[in-house]
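Residues per chain, in single letters:
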Amino acid sequence: MRDFADRVKRLLVGRPVPSRALGETLLPKRIALPVFASDALSSVGYAPDEVLITLAVAGSAATVISPWVALAVIGVLVVVVASYRQTVHAYPSGGGDYEVVSTNLGPHAGLLVASALLSDYVLTVAVSVSSGTSYLAAAVPWAEGHKVEIAVGIATVLALLNLRGSRESGGAFAIPTYLYMAAIGVLAVVGLVQEVTGTLGRAESSAYEVVAQSGWEQGLTGLAGAFLILRAFSSGCAALTGVEAISNGVPSFQRPKSRNAATTLLMLGTIAALMLMSIIHLAGAAGVHMVENPATELLSNGRPLGRGYHQDPVIGQVAAAVFADFKPMFYLITAVTGLILFLAANTAFSGFPVLASVLGRDEFVPRQLSQRGDRLAYSNGIIVLWLGAVAFIVGFDADTNRLIQLYIVGVFISFTLSQVGMVRHWTRELTTATDPKARGRMQRSRIINAIGVGGTGLVLLIVLATKFTRGAWITLTIMAILCLVMSRIRRHYQRVSDELAISDLHDARVLPAHVHAIVLASRLHKPTLRALTYAQSTYPTSIEAVTVDNGDGSADRLLDAWEEAELPVPLTILDSPFRDITRPIVNYVRSVRRESPRDLVVVFLPEYLVRHWWEQILHNQTALRLKTALLFTPGVVMASVPWQLGLPGEIHIHHGLRARTAQGIADADAAVRREDRHRRLPASPSSGETQ
């Protein structure tokens, strides 16, 4: 079974990679851009939709201000990119926001940021693949009824690709990402040219009337209108998700790491801003209408469209208008946009495992998350991310509109605290810097990060105010639970470390007063003899064999065989009137331990090693129960003595045992009568507790 599982693993993730090849997995900028930027770039596939859907609550006239909302989002994007360029230079170790905040604001604030980032990475995968299924459903109607299954399948494929290593996954994603950027670039250029020349077509949805929701018949007026604009702005800020991934992934870049990461971050910001502004502008020029419930909120000739109408995403509608006479280009844009939304989850698969490894190193999450797999990827972190994303996809039925409400609150918590931490970092550095050029650079960086605090802090307040009741409370609850769990894990590791630490070197030389060996025997056969031989080779202070009499005569037969073989080890028989095997042995071992608290009791347990996985269920079940029961008994050590079934040429254990003990226990016991060498113990009062 193990060989079969290993072959399947090699088929899926490839051959192991030696540690010395770690440098070969580092990413050049041309590969790092699609690996780390696909999340932010892909947000163009759903951020415009969310802006238009939110504004459409007040009717179609309200969507006129969508370009101004996009400009505000781009302004925040510029501030965030500029701020994180300072971060990757100051903290290139890969801790990103977590390291910045922990170092400058304390471990509690760092834990808050870590929980925000972990939850955001999981939601990134869920939102990206769910949005990608919407584009797939636009081209393939069959997919509409199987969105959850498709989304889970895509998330699984992405996890497997990342288990093969970041360089391989980056190479696989580079071509689709660059093709997506080229397709959106062509769409923007051709659309703008058509708009200038007056040849731009109209979107199909432009012919429909948008029904304002109850209470919004007057449009964007008063405080309610301002609140709706802020809500649209907060939805559009989903375009900023993924920017922080580069600061967490600096160790994955080729040298010079910080400079390459900063350059990639600048390219990401520039491309994302141009794409977002172009799509929202062309959506307005083509008259695209997007609503939350198209069946009832879109009218044709005064009548609702009904459930038969499928609302295509914004990019799909714009592409249909721009390339009305050239359908192949429309299909290409729709296909690559859906594909990039699937692949955008790769940003989270690159960032989450690195952050989890840092948290594992600091003992806030299980240490296994800090270990690289045999492909030099943080395999355990990838698997945890996959499981979390699948849970959200299934729990929210792969509904992008519902998932995105949970999405960006964690991002802006980390953004804001990170910028506060960077301001404090530069302030501290300025107290010791003496070089005028260095001080000037630090002061400029502090100003940039201070602006970042104001920008991201304002957006955070808007997000909390506009999205709390629409789902952001779920994210905040998850963050609180993660903080609690991580703090408890840290406390556990600290308690274990304190308990195991040697306070006095004299303690390291303390040995138990005696070692009492107990060999469990059900019958006299080769595994029992091997266990006896192994127990004697450890030179214990005393040794005995123990069996259980469950009333079927096997104990008497064992005793007879024992005497006939003239084994020099006394045999203890435990009565079990309720036919239980485990309880009498556990009670006896614990009684030996109680009689001599300073002694160490070692229980030697013969076990079969079978050749086929299915044979395992036929053997060793009693051994498993015994090991489980005795595992938490102080002063007791379980020693499994394996016997490999099917191997020829076993040594003559019986004779070896007799020869080894000829000068020891055998001589001392040779003159002792049978009734003194072997004993039968009655059942303890608690032997029937489990009956």
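As the structure is a prediction and not an experimental result, all values here were calculated from the model.

I keep staring at the UniProt feature "transmembrane region" (unreviewed entry) in the chain and nothing clicks. Help me out?
With numbering matched to this structure, UniProt assigns "transmembrane region" (unreviewed entry) to residues 51-84, 177-200, 264-291, 329-355, 376-398, 404-426, 447-465 and 471-489. Helix and strand shares over residues 264-291 are 79% and 0% respectively, and the end C-alpha atoms of the span are 35 Å apart. The annotated region residues 447-465 carries 100% helix and 0% strand content, and the separation between its end C-alpha atoms amounts to 27 Å.

Would you explain the packing of helix H7 (residues 147-163) against helix H14 (residues 327-361) in this entry?
Helix packing for two helices is described by the angle between their axes and how far apart those axes are. Remark: H7 packs on H14, axes separated minimally by 10 Å, with the N-to-C direction vectors making an angle of 45°. Classified by the interaxial angle, the pair formed by H7 and H14 is oblique. When you trace H7 past H14, the crossing you get is right-handed. Where H7 approaches H14, its residues Ile 154, Ala 155, Leu 158, Ala 159 and Asn 162 are matched on the opposing element by Phe 342, Leu 343, Ala 345, Asn 346, Phe 349 and Ser 350. Looking at the contact of H7 with H14, its residues break down into eight nonpolar, three polar and no charged.

Would you mind showing me how to read the packing of aromatic side chains here?
Any aromatic ring pair is given by two values, namely how distant the centres are and how the planes are angled relative to each other. Inspection of every chain in the model, using the stated rule, returns six aromatic pairs. Grouped by ring-pair contacts, the aromatic residues Tyr 84, Phe 412 and Phe 415 constitute a single cluster. Above the face of the Phe 330 ring, Lys 327 is positioned so that its terminal group lies 5.3 Å from the ring centre. Here the guanidinium or amino end of Arg 490 rests over the ring plane of Phe 364, the centre of that ring lying 5.8 Å away.

Looking at this model, I keep getting lost on the packing of helix H13 (residues 314-322) against H14. Mind explaining?
It is at 9 Å that the axes of H13 and H14 come closest, and there the two elements cross at 165°. When the axis of H13 is compared with that of H14, the two are roughly antiparallel. Considering only the axes of H13 and H14, their crossing is right-handed. For the pair H13 and H14, the contacting residues are Ile 315, Gly 316, Ala 319 and Ala 320 in the first and Phe 330, Ile 333, Thr 334 and Thr 337 in the second.

Is there a simple way to explain the layout of surface pockets in this structure?
Rolled over the atoms, a probe as big as a water molecule pinpoints where empty space is left. In this model, the largest pocket occupies a volume close to 860 Å³. What lines the largest pocket is a set of 29 residues, among which Ser 134, Glu 144, Lys 147, Glu 292 and Gln 311 lie closest to the centre. Of all elements in the fold, only helix H3 (47-55), helix H6 (107-139), helix H12 (294-297) and helix H16 (400-403) reach the threshold of two or more residues within the lining of the largest pocket. The biggest single contributor to the lining of the largest pocket is H6, with five residues. Here the residues of the lining of the largest pocket sort into twelve nonpolar, eight polar and nine charged.

About the thresholds
- Counting restarts for each chain: residues are numbered from 1 in the order of the written sequence.
- Where totals are concerned, whole chains, interfaces and linings use all residues; where local detail is concerned, this predicted model gives features only for residues with pLDDT of at least 70, and gives and counts side-chain atom pairs only at 80 or more.
- Derived side-chain values reflect all non-hydrogen atoms in the structure, with water molecules and hydrogen atoms excluded from consideration.
- UniProt positions are given in the numbering used here, feature names are shortened, and annotations may be inferred rather than shown by experiment.
- A run of H or I in DSSP counts as a helix once it spans at least four residues, and a run of E counts as a strand once it spans at least two, with each numbered from the N terminus.
- For helices, the fitted axis covers only the stretch in contact; all axes are lines through C-alpha atoms, and the angles between them, taken along N-to-C directions, range from 0 to 180 degrees.
- Between 65 and 115 degrees an angle is taken as roughly perpendicular, under 35 as roughly parallel, over 145 as roughly antiparallel, and anywhere else as oblique.
- Crossing handedness is defined as follows: a turn of the near helix away from the far one that is anticlockwise and smaller than a right angle gives a left-handed crossing, while the clockwise case is right-handed.
- Contacts are assigned to residue pairs with any non-hydrogen atoms lying within 4.5 Å of each other.
- The residue classification treats Ala, Val, Leu, Ile, Met, Phe, Trp, Tyr, Cys and Pro as nonpolar and Asp, Glu, Lys and Arg as charged. All others, Gly included, are polar.
- Any pair of Phe, Tyr and Trp rings, taking the six-membered ring for Trp, is counted once the centres come within 6.5 Å. Such a pair is stacked with planes under 30 degrees apart, edge-to-face with planes over 60 apart, and tilted for the rest.
- Our definition puts a charge over a ring when NZ of Lys or CZ of Arg is within 6 Å of the ring centre and also within 35 degrees of the ring normal.
- A 1.4 Å probe that fits but cannot get out identifies a cavity on a 1 Å grid over protein atoms alone, an open set with protein on both sides within 12 Å along at least five of seven lines counts as a pocket, and a residue lines either if it has an atom within 4 Å of a point.
- Grid points are joined across faces, edges and corners, and a volume is the space filled by probe spheres set on the points.

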